Every structure is written in C-alpha cells, then in structure tokens.
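Residues per chain, in single letters:
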Amino acid sequence: MLDSYIIIGLTIAVVAIIKTYKPFKTARGKLYVPLFVFAIAGLANVLNALVFSGNTVLAALNAGLNYGAIAGGLYAMGQTYLNKDKTN
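As a convention, each chain's residues are numbered from 1 in the sequence order in which they are written. Local features in this predicted model are restricted to residues of pLDDT 70 or higher, and side-chain atom pairs are both shown and tallied only at a pLDDT of 80 or more, whereas totals for entire chains, interfaces and linings draw on every residue. Think of the side-chain values as coming from all heavy atoms in the structure, minus any hydrogens and water.

A. Highlighting the overall build of the protein chain. Here a strand is any run of E in DSSP of at least two residues, a helix any run of H or I of at least four, and the numbering for each starts at the N terminus. Across its full length, the protein chain holds 3 helices and 0 strands. Its helices and strands taken in sequence order, the protein chain reads α-α-α from the N to the C terminus. With the principal axes as the frame, the protein chain shows a C-alpha extent of 50 × 25 × 15 Å. Counting every position in the protein chain, which comprises 88 residues, the buried fraction comes to 26%. Contacts were defined at the residue level, with two residues in contact if any of their heavy atoms lie within 4.5 Å. Taking the intrachain contacts of the protein chain between residues at least 6 apart in sequence as the baseline, contacts between residues at least 24 apart amount to 60%. Where accessible areas are quoted, they stem from the Shrake-Rupley method and a 1.4 Å probe; at the residue level, only the protein chains shown are allowed to cover. Working note: accessible area of the protein chain is about 6000 Å², and carbon and sulfur atoms make up 70% of it. Partly exposed describes any residue whose relative accessible area lies between the buried limit of under 20% and the exposed limit of over 50%, with all areas from a 1.4 Å probe on protein chains only and scaled to the type maximum.

B. Summary view of the nonpolar core. We define a nonpolar core as any set of buried Ala, Val, Leu, Ile, Met, Phe, Trp, Tyr and Cys residues linked to one another through side-chain atoms lying within 4.5 Å. Within the largest apolar cluster, 11 residues are counted, these being I7, I8, V15, I18, F24, V33, V37, I40, A44, Y67 and A71. Within the residue set of this core, elements represented by two or more residues are helix 1 (4-18), helix 2 (27-52) and helix 3 (57-87). With near-sequence residues (within four places) excluded, I18 lies in contact with F24 and I40.

C. Examining empty space enclosed by the protein more closely. We place a 1 Å grid over just the protein atoms. Points where a 1.4 Å probe fits but has no way out form a cavity, open points with protein on both sides within 12 Å along at least 5 of 7 lines form a pocket, and any residue with an atom within 4 Å of a point lines it. Grid points are joined across faces, edges and corners, and a volume is the space filled by probe spheres set on the points. All chains considered together, the criterion is met by 1 cavity of 30 Å³ or more. Space inside the largest cavity adds up to approximately 30 Å³. Along its surface, the largest cavity is lined by T11, I12, V15, V37, A71, G72 and Y75. Secondary structure elements with two or more residues in the lining of the largest cavity: helix 1 and helix 3. Charged means Asp, Glu, Lys or Arg here, nonpolar means Ala, Val, Leu, Ile, Met, Phe, Trp, Tyr, Cys or Pro, and polar covers whatever is left, Gly included. For the lining of the largest cavity, the per-class residue count stands at 5 nonpolar, 2 polar and no charged.

D. Fine view of helix 2. A helix is expected to span 1.5 Å for every residue after the first. Counted at 1.5 Å a residue, the expected span for helix 2 with its 26 residues is 38 Å, and the 38 Å between its end C-alpha atoms agrees. Bending is quantified residue by residue as the angle between axes fitted to the seven-residue window ending at that residue and the seven-residue window starting at it. At L35, helix 2 shows its largest bend, some 30°. For helix 2, every residue scored as buried is listed here: G29, V33, V37, I40, A41, G42, A44, N45, V46, N48 and A49.

E. Region of interest: the packing of aromatic side chains. For Phe, Tyr and Trp, rings pair up if their centres lie within 6.5 Å, where Trp contributes its six-membered ring, and each pair is then called stacked (planes under 30 degrees apart), edge-to-face (over 60) or tilted (otherwise). One pass over the structure, following the stated rule, counts 1 aromatic pair. Ring geometry for F24 against F36: centres 5.2 Å apart, planes inclined by 85°, an arrangement best described as edge-to-face. Of this pair, F24 sits in the loop between helix 1 and helix 2 while F36 sits in helix 2; the two residues are 12 residues apart in sequence, bridging distant segments of the chain.

Written out as structure tokens, the structure is:
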C-alpha cells in the first residue's frame, strides 16, 4: 500500500490543478475546494487500498478522509505563507 505522504501529495497536486479552472476562481467556487480535498483524498486512498492491499473500503475511506484533513491543513498553511510573502 502507498504511504500516506504519497496520498497527501497527490491530493494537493490534483486540487492545485482543479483550482486553475474558471469556476473555482469565484468566491463561491473557492468554498468548494476544501470539499474536493476530502473527496479526492478519500477516493485516492480507497483506490490505493483496492489495488495494493486487502483493507476494507470503509477503513480506507476513514484513513483517506484523515489524509484529506492533513492535506487541507498543509495546503492552507502554504497558501498563508505564500500570501504573506507577496504582501511584504
């Protein structure tokens, strides 16, 4: 089974790509991004479990949602830091 940091990195990369589309540049579209983080991390870990392990789907979804929370926090911290650098 792939390690958690691979799932988190994949989630951040996919969300960064999704955010480049026009609907996600609006104020309402930006509200959906955290939901996509959870969904993508959960789905990626479920696929990870189905392909590489014998874990149950429910356990994999639980872990994936936890990874989504981690990815969302890491992404938010990175964005805060980048925006802080732009203002200085």
